[in-house]
Amino acid sequence: MGDFENSVLSFLSDRFPDAESAFKGGFCVFSCPGGNVSTVAVPVVSETLEDAERQAERLECEVRKLRDEGRTVVILPEDIWRSRRKMIQHRLLAQLGVFRSVFARNTEVRRIDKAASSAFFTNCHTYRDAAARYRYGLFDRQGSLVAAASFSSARVWDKPEGKVSSCEWVRYASLPDVRVVGGMGKVLKAFLSEAGPDNVMSYADLEWTDGAVYERLGFKMESVRCPVAFAVDRCSYERVPLKYASSLKNPLFHINRGSIKYRLLV
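Report on the accompanying structure. (Residues numbered from 1 in each chain as written. Predicted model: local features only at pLDDT ≥ 70, side-chain atom pairs only at ≥ 80, totals over all residues. Heavy atoms only, no water.)

**Some details on empty space enclosed by the protein**
Item 1. Counted according to the given criterion, the structure contains one cavity of 30 Å³ or more.
Item 2. Each pocket or cavity is described by its volume, and for the largest cavity that value is around 50 Å³.
Item 3. Val74, Ile75, Leu76, Ile88, Arg91, Leu92, Gln95 and Trp208 are the residues that line the largest cavity.
Item 4. Residue assignment for the lining of the largest cavity shows that the elements contributing at least two residues are β4 (72-77) and α4 (85-95). (1 Å grid on protein atoms, 1.4 Å probe; cavity = no way out; pocket = protein on both sides within 12 Å on 5 of 7 lines; lining within 4 Å. Points joined across faces, edges and corners; volume = space filled by probe spheres on them. Helix = DSSP H or I, 4+ residues; strand = E, 2+ residues; numbered from the N terminus.)

Right, dumping it as C-alpha cells:
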C-alpha cells in the first residue's frame, strides 16, 4: 500500500480495530467484519487523461462486482482525502454508522444569508459553495446550524401546456458527523412553499450517493450525466476544471463517476 492507503487504514484501525484491507481490481478496499460497507480508496496518480480514463473504467468494474456481492460502496478519492481530510473523515465514519442523529421535527428551517451558507458549504460540502438565490438553514433546538440547502432562481420555459418554471436544487449538506433525519424533505417543503416552482431538478453525484434519497422525496430520474474529468494540483490536491489544467504545473488527472439528473414535478 502507498502512503494514501496506509493513512486511511491507520484512521480506520484507530476506530475499528478489526478493519481489514484487500486489493481488488487494483484498488485497496477496506471493510469491517460484520458490516456490509466497502470503502474503495482511489489514488489520484494519473499523469494523463488516458490513464485517468483507464482507472475510471477499472473502478466502475470493481464497484459493480462489490454491489453484486450485496455491498454498499463508498468511494474515497485521494485528492479529497488530502485536501479536505477532517470533513471526509467524518463523512466516512457516518457511512460506517458513526454519526449523531438529529430529527428534522426538532429543527427549525429559515432563510440564511450568503455569508453563512457559503461558510457552511465550504466546510461541509465536497464541492463547497455555488451560486444560488434561495439559501436555507436547519437549526437544532440549541440554535446551532446543522444543515443547509440552496436553490437557484426559476427559469421559465414555454411549453405546449403554457409557461413552466423550473428551479435547481444546488446544494445540500449537513455537518459531516450529523445526519438530519428528514432534513432534506423539510427544507424542500419550505422552498416549495416560498418559491412555488412547477418543478425542481437536481443532480446526485455518483461519487457520494446512489440517488435513492431523491427517489424517496418523489423525484424521478431523468438522465445520466457523463463522468467529468478534473485536473488536480500536485501540492494542494485541489480539483480545477479541465479547461484550467494549463494553469497547473504537471497536474494530475481524476475522472469522477458522473451524476444522475432528477426532477420533481410539483
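Having seen the structure, we can now continue with the description.
**So, the packing of aromatic side chains**
Item 1. All told, the structure shown has 12 aromatic pairs when counted by the stated rule.
Item 2. Ring centres of Trp169 and Tyr214 lie 6.1 Å apart, and the angle between their planes is 80°; on these two criteria the pair is classed as edge-to-face. Highlighted residues: Trp169 in strand β10 (residues 162-174) and Tyr214 in helix α7 (residues 212-216), separated in sequence by 45 residues. Of the two residues examined, Trp169 and Tyr214, each falls in the buried class.
Item 3. An aromatic cluster is defined as three or more aromatic residues linked by ring pairs; in this entry it consists of Tyr134, Tyr136, Phe151, Trp169, Tyr172, Phe191, Tyr214, Phe219 and Tyr262.
Item 4. Its guanidinium or amino end placed over the ring of Trp208, Arg91 lies 4.6 Å from that ring's centre, counting from NZ or CZ.
Item 5. Above the ring of Tyr136, the side-chain terminus of Arg111 is found at 5.6 Å from the ring centroid. (Phe/Tyr/Trp six-rings, centres within 6.5 Å; stacked < 30°, edge-to-face > 60°. Buried < 20%, exposed > 50% of the residue type's maximum accessible area, 1.4 Å probe, protein only. Lys NZ or Arg CZ within 6 Å of the ring centre and 35° of its normal.)

**Focus: the pairing of strand β3 (residues 37-42)**
Item 1. Most of β3 is tucked away, with six of its six residues classed as buried.
Item 2. Of the two faces of β3, the one carrying Val37, Thr39 and Ala41 and the one carrying Ser38, Val40 and Val42 are both buried.
Item 3. Looking at chain direction, strand β2 (residues 27-31) and β3 are connected through three bridges and run antiparallel. Bridge pairing in β3 places Cys28 opposite Ala41.
Item 4. Between β2 and β3, which pair antiparallel one after the other, the connecting turn spans five residues, and Gly34 there sits at a positive phi close to 95°.
Item 5. As paired strands, β3 and β4 are joined by six bridges and run parallel to one another. Bridge pairing links Val37 to Thr72 in β4.
Item 6. For the segment spanning β3, helix α2 (residues 49-68) and β4, crossover handedness is right-handed. (Pairing = 2+ DSSP bridges. Right-handed = clockwise from strand over helix to strand, strands pointing away.)

**Examining the nonpolar core**
Item 1. Counting 26 residues, the largest nonpolar core has Phe151, Trp169, Tyr172, Val180, Phe191, Tyr214 and Phe219 as its most contacted members.
Item 2. Among the secondary structure elements, those contributing two or more residues to this core are β7 (134-139), β8 (145-151), β10, β11 (178-181), α6 (183-195), β12 (199-205) and β17 (259-265).
Item 3. The residues touching Phe219, leaving out its near neighbours within four places in the chain, are Trp169, Leu188, Val200, Tyr214, Tyr262, Arg263 and Leu264.
Item 4. By size, the runner-up hydrophobic cluster in this structure holds 22 residues, among which are Leu9, Trp81, Leu96 and Trp208. (Core = buried A, V, L, I, M, F, W, Y, C linked by side-chain atoms within 4.5 Å. Contact = heavy atoms within 4.5 Å.)

**Considerations on the sheet that holds strand β15 (residues 239-241)**
Item 1. The antiparallel open sheet is built from three strands, whose spatial order is β15-β14-β16. Two strands in the sheet have a free side with no partner beyond their single neighbour: β15 and β16 (252-255). Strand-to-strand twist across the sheet, computed as the mean angle between neighbouring axes with direction ignored, equals 40°.
Item 2. Where strand β14 (residues 229-232) and β15 come together, three bridges link them in antiparallel fashion. Paired with Phe230 across the strands is Pro241, a residue of β15.
Item 3. Against the sheet, α2 makes contact with β14 and β16, and its axis sits at roughly 35° relative to β16, the strand it touches most. (Axes fitted to C-alpha atoms, helices over the stretch in contact; angles between N-to-C directions.)

**Details of the sheet that holds β2**
Item 1. Ordered by their spatial adjacency, four strands build an open sheet running β1-β2-β3-β4, and the pairing between neighbours is mixed. Every other strand in the sheet has two partners, leaving β1 (20-24) and β4 as the edge strands with one partner each. With direction set aside, neighbouring strand axes in the sheet form an average angle of 30°.
Item 2. Seen against the sheet, α4 touches β3 and β4 and runs at an angle of roughly 170° to β4.

Nothing here speaks to function; it is geometry throughout.
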